[in-house]
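Inside the fold
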Amino acid sequence: MSETLPLEQLQSVRGGPLYVRLKKMIQDAMSSGRLKHGDALPAERDIADVAQISRVTVRKAIDDLVAEGLLVRRRGSGTFVVAPVPRMQQPLSQLTSFTEDMRRRGMVAGSVWIERGLFFPTPEETMMLGLVGGARVARLVRVRTANEMPIAFERTSLPDDILPNPEAIEDSLYKLLLSRGFRPIRANQRISAVVLTDDETKILGMPPGSAALAVQRIAYLESGRVMEMSRALYRSDAYDLVAELTIGSP
């Protein structure tokens, strides 16, 4: 604890009331990188014992940081660091790739691959993609990043004749598909709010119990054939999905 938060030095630090000094010490640890996004803060009683201050003082400092959005409390889990992330708006009226979205915002899109290759399809993939005979499915599982920060956890499936070599994907799946003559013209999306599992919070670098936006998408070619099915979890602290509505005639 002393390397991350030198609590035993709090009494000798100058700068106002004890809770203000503790608050600044935690902020300094965050700004220096000793405390990173998703890191758990020590328990309040442990902070009080090491710093030789009351738990009321600790609670006041933490309450202030929670109110400022720098810490978050998760019932039954503890208090966690929340690094500020830029909020991004994604219009629901446009079918664009993640890479295009990030480029428009002046950010560099990236992927951390968890799985990609050709596999025997599941019953759901066979039905949704309209696969027949011995067709296989190109399955992609990756973490999408913006300026190296995890933004989304994405699972995508495509027929193997549309994507015969998943390893050929570089920065953009849609860019590769377009070069092969496949261009989606419409898509159906279903959006819901979910609570991330422990594994998903680790993948996205979020505190336990965090929420996410779950987006299920089916994209179609001009012929009406299903080109892809995907499920993605977007960080709710970074993404806003925006819909433009028109008012019909009375």
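My aim in this report is to walk through the structure given alongside it, one point at a time.

Thresholds applied
- Residues numbered from 1 in each chain as written.
- Predicted model: local features only at pLDDT ≥ 70, side-chain atom pairs only at ≥ 80, totals over all residues.
- Heavy atoms only, no water.
- Pairing = 2+ DSSP bridges.
- Helix = DSSP H or I, 4+ residues; strand = E, 2+ residues; numbered from the N terminus.
- Axes fitted to C-alpha atoms, helices over the stretch in contact; angles between N-to-C directions.
- Salt bridge = Lys/Arg side-chain N within 4 Å of Asp/Glu carboxyl O.
- Buried < 20%, exposed > 50% of the residue type's maximum accessible area, 1.4 Å probe, protein only.

Bringing the sheet that holds strand β6 (residues 149-159) into the picture now. If you walk across this open sheet you meet the six strands as β4-β5-β6-β9-β8-β7, and the pairing is antiparallel. For this open sheet the edge positions go to β4 (109-119) and β7 (186-195), each flanked by a neighbour on one side alone. Strand-to-strand twist of the sheet, defined as the mean angle between neighbouring strand axes without regard to direction, takes the value 15°. Here strand β5 (residues 137-146) pairs with β6 via ten bridges, running antiparallel. Bridged to Val137 within β6 is Pro159.

A word on the pattern of salt bridges. Counted according to the given criterion, the structure contains 14 salt bridges. A salt bridge links Glu124 to Arg231; its shortest N-O distance comes to 2.5 Å. You can see Glu124 sitting in helix α5 (residues 123-129) and its partner Arg231 sitting in strand β9 (residues 226-235), a full 107 residues away along the chain. A residue is classified by how much of its surface remains accessible, and Arg231, at 35% relative accessible area, is partly exposed. Taken together, the shared-partner salt bridges in this structure form one network comprising Lys23, Lys60, Asp64 and Glu68.

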